[in-house]
Amino acid sequence: MTRSGHKHLDEAVERARRNAACPSEWNRLVLYSLTDALAYNVLLVGALAAYLQEQDIDPDLLRRHLQSPGPDRFVTQEALDLVAGLMGHPAMEGRPEPTWHFVGRDIAERGVAKEERGRPGHSER
């Protein structure tokens, strides 16, 4: 998630450089990239807050760390879906898998696959 947010910040810098001579394009493209980066950061904060809630962290401590009177500002359905996928929780049966559940599951599975490749005795094919 951090890499995705960082990618959008890098895109904002590159778009700013490429479109310096055209203010209307500069404004539009840079703001698109920055709002995409913001969305990823908010989702990451929400996913971490949701995970900590799941771990029964003290609600007052979580509010202080989030610098917000209400963690639910960050803990959206998308954040809950991402955490569920990352933790390997099944999606709701009989319903399509939510996008962020799929993303979390994919991240977790790729992480496990990398871990397996790094173990002694594992051979690449």
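Check the entry above for the structure.
Residues numbered from 1 in each chain as written. Predicted model: local features only at pLDDT ≥ 70, side-chain atom pairs only at ≥ 80, totals over all residues. Heavy atoms only, no water.

1. Let's talk about the overall build of the protein chain
Defined as follows: Working definition: helices are DSSP H or I runs of at least four residues, strands are E runs of at least two. Numbering for both runs from the N terminus. Only protein chains enter the accessibility calculation, which uses a 1.4 Å probe; a residue whose area is less than 20% of its type maximum is buried, one above 50% is exposed, and one in between is partly exposed. Throughout, a residue-residue contact means that at least one pair of heavy atoms, one from each residue, lies within 4.5 Å. Only the protein chains shown count as cover for residues, with accessible areas throughout obtained via the Shrake-Rupley method and a probe of 1.4 Å.
Secondary structure assignment for the protein chain yields five helices and zero strands. Starting at the N terminus, the α and β elements of the protein chain follow one another as α-α-α-α-α. Expressed as a percentage of its 125 residues, the buried residues of the protein chain come to 22%. Considering only contacts in the protein chain between residues 6 or more positions apart, those separated by 24 or more positions represent 42%. Per element, the accessible surface of the protein chain, about 9,000 Å² overall, is 56% carbon and sulfur.

2. Some details on the packing of helix α1 (residues 2-18) against helix α2 (residues 23-54)
This is how it is decided: Axis angles are defined between N-to-C directions and span 0 to 180 degrees, where every axis is a line fitted to C-alpha atoms and, for a helix, only to the segment in contact. Here is the rule for angles: anything less than 35 degrees is roughly parallel, anything more than 145 is roughly antiparallel, 65 through 115 is roughly perpendicular, and the remaining ranges are oblique. By definition, any crossing whose near helix is turned counterclockwise from its far helix by less than a right angle is left-handed, and any crossing with a clockwise turn is right-handed.
Between α1 and α2, the least distance of the axes is 8 Å, while the angle of their chain directions is 165°. Considered as vectors, α1 and α2 are oriented roughly antiparallel to each other. The hand of the α1/α2 crossing is left-handed. Contacts between α1 and α2 involve Thr2, Ser4, Gly5, His8, Leu9, Glu11, Ala12, Arg15 and Ala16 from the first element and Trp26, Leu29, Val30, Ser33, Leu34, Asp36, Ala37, Tyr40 and Leu44 from the second.

3. Describing the nonpolar core
Applied cut-off: For the purposes of this section, nonpolar cores are sets of buried Ala, Val, Leu, Ile, Met, Phe, Trp, Tyr and Cys residues that join through side-chain atoms within 4.5 Å.
Residues Leu43, Ala47, Ala49, Ala50, Leu62, Leu66, Phe74, Val75, Ala79, Leu82 and Val83 constitute the largest nonpolar core, which totals eleven residues. Secondary-structure elements contributing two or more residues to this core are α2, α3 (59-66) and α4 (77-86). Of all the elements, α2 adds the most residues to this core, at four residues. Here alanine 79 is in contact with Leu43, Gly46, Ala47 and Phe74, once residues within four sequence places are set aside.

4. Regarding the side chain of histidine 8
Tracing the backbone shows histidine 8 in helix α1. The contacts of histidine 8, once residues within four sequence positions are left out, are Ser33, Asp36, Ala37 and Tyr40.

5. As for the packing of aromatic side chains
Definition in use: Aromatic pairs are defined between Phe, Tyr and Trp rings, using the six-membered ring for Trp, whenever the two ring centres lie within 6.5 Å; interplanar angles under 30 degrees are classed as stacked, those over 60 as edge-to-face, and all others as tilted.
The tally for this structure, following the rule as stated, stands at one aromatic pair. With 6.1 Å between their ring centres and 85° between their planes, tyrosine 40 and tryptophan 100 make a pair best called edge-to-face. Of this pair, tyrosine 40 sits in helix α2 while tryptophan 100 sits in helix α5 (residues 99-117), placing them 60 residues apart in sequence. Overall, the relative accessible area of 23% leaves tyrosine 40 in the partly exposed class. For tryptophan 100, a relative accessible area of 22% translates into the label partly exposed.

6. Let's talk about the layout of surface pockets
The test is simple: Grid spacing is 1 Å over the protein atoms alone, the probe is 1.4 Å, and a cavity is where that probe fits but cannot get out, while a pocket is an open set with protein on both sides within 12 Å along at least five of seven lines and lining residues have an atom within 4 Å of a point. Grid points are joined across faces, edges and corners, and a volume is the space filled by probe spheres set on the points. Only Asp, Glu, Lys and Arg are considered charged in this grouping, and only Ala, Val, Leu, Ile, Met, Phe, Trp, Tyr, Cys and Pro are considered nonpolar; every other residue, Gly among them, is considered polar.
When its volume is computed, the largest pocket comes out at roughly 230 Å³. Lining the largest pocket are eleven residues; nearest its centre among them are Met1, Arg3, Ser4, Ile107 and Arg110. Of all the secondary-structure elements, those providing two or more residues to the lining of the largest pocket are α1 and α5. A class-by-class count of the residues in the lining of the largest pocket yields five nonpolar, three polar and three charged.

7. Observations concerning a nonpolar patch on the surface
What counts is decided by this rule: The patch calculation keeps residues exceeding 30% relative accessible area without a salt bridge and links them within 9 Å when they carry like charges or within 5 Å when they are nonpolar (Val, Leu, Ile, Met, Phe, Trp, Tyr). One speaks of a salt bridge when a side-chain nitrogen belonging to Lys or Arg is within 4 Å of a carboxyl oxygen belonging to Asp or Glu.
On the surface, Leu48, Tyr51, Leu86 and Met87 cluster together into a nonpolar patch covering about 340 Å² of accessible area. Mapped onto the secondary structure, leucine 48 falls in helix α2.

8. A short note on the pattern of salt bridges
Summed over all chains, the structure comprises six salt bridges. In this structure, the salt-bridge partner of glutamate 97 is arginine 105, at a minimum N-O distance of 2.8 Å. Counted as one network, the salt bridges with shared partners bring together Glu97, Arg105 and Glu109.

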